[in-house]
Amino acid sequence: MTRDEFTTIAGNGLWKQNTALAQLLGLCPLLAVSTNIVNGVMLSLATIIVMALANVAVAMLRNLIPHEIRIPVFILIVAALVTVVDLLFNAQLHELYVVLGIFIPLIVTNCIVLARVEAFAAKNSPLNATVDGIFMGLGLLWTLAVLGAMRELLGSGTLFGGIDMVFPGLAPIQVLPESYPGFLLGLLPPGAFILLGCMIAWKNWMDARAAERARRQAPPPVAPAEAAGV
């Protein structure tokens, strides 16, 4: 893998083709689980593990899988990996596993995972596929972390609620005064839709600014007469 390939894959996963802000995939767990940072980050980590391993498995087996049955085979590979992750969460992080509930098994049908397996892993080398899976997952992770932070801050005035389920002994950070009544809409799905829409608008605005800046910095086109030396 060349540096340019790595930069392109990383940029696509983290920003240009961000699964939540650009492709709008996997919105069900995005909106349901992101009530705080911890839930969003831990579900994203589970997704990263599944995506990276599924991508490398499909990339290694792509020449052996008949084209006609590729989708069932891809789902079978993803389902096997999700089962392992589901059992690990249940054994090691049981309290968090209860909170995340059905959304860990639902990674099997997550459009993000299947889309990258079909669109990228099945057509590229195992190394490139692994890097793509990791960075696509990291793009989801930072999006869920930011969305979860905003919802948690608006809803309860804290950050890192539930951190004790991952690291016993730690406590959430009380950002706003304890007398803060909370803004219920921030914790409900409609509030998640509104905040996600604001994040998408912010990304589009940033992209528009970057495009305008690149246009201004580009050298002016050469006139035909000047190019011919007239």
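Okay, so let's go over this structure. Worth saying up front: this structure is predicted, and the values here are computed from it rather than measured.

**Some points on the pattern of salt bridges**
Stage number 1. Counted according to the given criterion, the structure contains 5 salt bridges.
Stage number 2. When the shortest N-O distance is used, the salt bridge between Glu212 and Arg216 registers 3.1 Å. Placement of both Glu212 and Arg216 in helix α8 (residues 189-217) is noted, with a separation of 4 residues, approximately one turn of the helix.
Stage number 3. A network of salt bridges, in which partner residues are shared, links Glu212, Arg215 and Arg216.

**What about the packing of helix α4 (residues 70-92) against helix α6 (residues 111-119)?**
Stage number 1. Their axes nearest at 11 Å, the elements α4 and α6 cross at an angle of 125 degrees. Put simply, α4 runs oblique to α6. α6 is crossed by α4, and the crossing has right-handed handedness. From α4, Arg70, Ile71, Phe74, Ile75 and Val78 reach across to α6, where they touch Val113, Leu114, Val117 and Glu118.
Stage number 2. Broken down by class, the residue content of the contact of α4 with α6 amounts to 7 nonpolar, no polar and 2 charged.

**Comments concerning the nonpolar core**
Stage number 1. Judged by nonpolar contacts, the single largest core of 48 residues is most densely connected at Leu30, Met42, Val50, Phe89, Leu96, Ile107 and Val113.
Stage number 2. Looking at this core, the elements with two or more residues in it are α2 (27-33), α3 (37-61), α4, α5 (94-100), α6, α7 (126-156) and α8.
Stage number 3. Setting aside residues up to four positions removed in sequence, Val50 forms contacts with Val78, Leu81, Val82, Val85, Ile107 and Val113.
Stage number 4. Ile48, Leu141, Ala145 and Ala149 belong to the second largest nonpolar core, which has 7 residues in total.

**Digging into the environment of Met199**
Stage number 1. Positionally, Met199 belongs in helix α8.
Stage number 2. Spatially, the C-alpha atom of Met199 lies 14 Å from that of Leu14, the residues being 185 residues apart in sequence.
Stage number 3. Those residues in contact with Met199 that lie beyond four places of it in its chain are Leu21, Trp142, Thr143, Val146, Leu147 and Met150.

**A look at α4**
Stage number 1. In a regular helix each residue adds 1.5 Å, so 23 residues correspond to 33 Å; α4 covers 33 Å between its end C-alpha atoms and thus fits that length.
Stage number 2. Phe74, Ile77, Val78, Leu81, Val82, Val85, Asp86 and Phe89 are the residues of α4 that are buried.
Stage number 3. At its buried positions, α4 is contacted by α3, α5 and α6.

**Observations concerning the side chain of Asn110**
Stage number 1. Checked against the element boundaries, Asn110 lands in the loop between α5 and α6.
Stage number 2. Aside from chain neighbours lying at most four places away, what touches Asn110 is Gly26 and Pro29.

**Notes on a nonpolar patch on the surface**
Stage number 1. Judged by side-chain polarity, Leu154, Phe183, Leu184, Leu185, Leu188 and Ile194 come together as a nonpolar surface patch covering roughly 530 Å² of accessible area.
Stage number 2. Note that Leu185 resides in the loop between β2 (173-174) and α8.
Stage number 3. When its relative accessible area of 33% is taken as the criterion, Leu185 is described as partly exposed.

**Examining the packing of aromatic side chains**
Stage number 1. Scanning the entire structure with this criterion turns up 3 aromatic pairs.
Stage number 2. Aromatic pair Phe6 and Phe135: ring centres 5.4 Å apart, planes at 85 degrees, arrangement edge-to-face. With Phe6 in helix α1 (residues 3-16) and Phe135 in helix α7, the pair connects residues that are 129 residues apart, well separated along the chain.
Stage number 3. Here the aromatic rings of Trp15 and Trp142 are separated by 6.3 Å at their centres, their planes lie at 10 degrees, and the arrangement is stacked.

**A short note on the state of the cysteines**
Stage number 1. In total, this model carries 0 disulfides according to the counting rule given.
Stage number 2. No disulfide involves Cys28; its sulfur sits 9.9 Å from that of Cys111, the nearest cysteine.
Stage number 3. Owing to a relative accessible area of 52%, Cys28 belongs among the exposed residues under this scheme.

**Notes on the packing of α3 against α7**
When two helices pack together, you describe them by how their axes are tilted relative to each other and by the distance separating the axes.
Stage number 1. The geometry of α3 relative to α7 is characterised by a closest axis approach of 8 Å and an angle of 165 degrees between their N-to-C directions. Judged by the inter-axis angle, α3 sits roughly antiparallel to α7. Between α3 and α7 the crossing geometry is right-handed.
Stage number 2. Here the contact of α3 with α7 is built from residues that sort into 19 nonpolar, 8 polar and 2 charged.

**Considering unusual backbone geometry**
Negative phi is the rule for most residues except glycine; trans is the rule for most peptide bonds.
Stage number 1. Its identity is not glycine, yet Leu24 carries a phi of approximately 55 degrees, on the positive side.
Stage number 2. Counting through the fold element by element, Leu24 comes out in the loop between α1 and α2.
Stage number 3. Residue Leu24 is classed as partly exposed on the basis of its relative accessible area of 42%.
Stage number 4. Phi angles above zero are rare outside glycine, and Phe160 is one such case at about 65 degrees.
Stage number 5. Residue placement: Phe160 occurs in the loop between β1 (158-159) and β2.

Definitions and limits used
- Counting restarts for each chain, with residues numbered from 1 along the sequence as it is written.
- Local features in this predicted model are restricted to residues of pLDDT 70 or higher, and side-chain atom pairs are both shown and tallied only at a pLDDT of 80 or more, whereas totals for entire chains, interfaces and linings draw on every residue.
- Remark: hydrogens and water are excluded; side-chain values derive from all non-hydrogen atoms of the structure.
- In the sections that follow, a salt bridge refers to a side-chain nitrogen of Lys or Arg positioned within 4 Å of a carboxyl oxygen of Asp or Glu.
- Only runs of H or I of at least four residues qualify as helices and only runs of E of at least two qualify as strands under DSSP, and these elements are numbered from the N terminus.
- Where helices are involved, their axes are fitted lines through C-alpha atoms of the stretch in contact, as for all axes, and angles between N-to-C directions lie from 0 to 180°.
- Any angle that falls under 35 degrees is termed roughly parallel, while one over 145 is termed roughly antiparallel, one within 65 to 115 roughly perpendicular, and all others oblique.
- Each crossing gets its hand from how the near helix is turned against the far one by less than a right angle, where anticlockwise is left-handed and clockwise is right-handed.
- Residues are treated as being in contact if the distance between any of their heavy atoms lies within 4.5 Å.
- We call Asp, Glu, Lys and Arg charged. Ala, Val, Leu, Ile, Met, Phe, Trp, Tyr, Cys and Pro are nonpolar, and the rest, Gly among them, are polar.
- Buried residues of nine kinds, namely Ala, Val, Leu, Ile, Met, Phe, Trp, Tyr and Cys, make up a nonpolar core once their side-chain atoms join them within 4.5 Å.
- Residue burial is assigned from relative accessible area. The probe radius is 1.4 Å, only protein chains are included, and a residue is buried under 20% of its type maximum, exposed over 50%, and partly exposed in between.
- Expected helix span is given by 1.5 Å per residue-to-residue step, counting one fewer step than there are residues.
- For patch detection, residues must exceed 30% relative accessible area and be free of salt bridges, and they are connected within 9 Å for like charges or within 5 Å for nonpolar side chains (Val, Leu, Ile, Met, Phe, Trp, Tyr).
- Computed by Shrake-Rupley with a 1.4 Å probe, the accessible areas treat only the displayed protein chains as cover when residues are assessed.
- Centres within 6.5 Å make a pair out of two Phe, Tyr or Trp rings, where for Trp the six-membered ring is used; the pair is then stacked when the planes are under 30 degrees apart, edge-to-face when over 60, and tilted otherwise.
- The definition used for a disulfide is geometric: two cysteine sulfur atoms within 2.5 Å.

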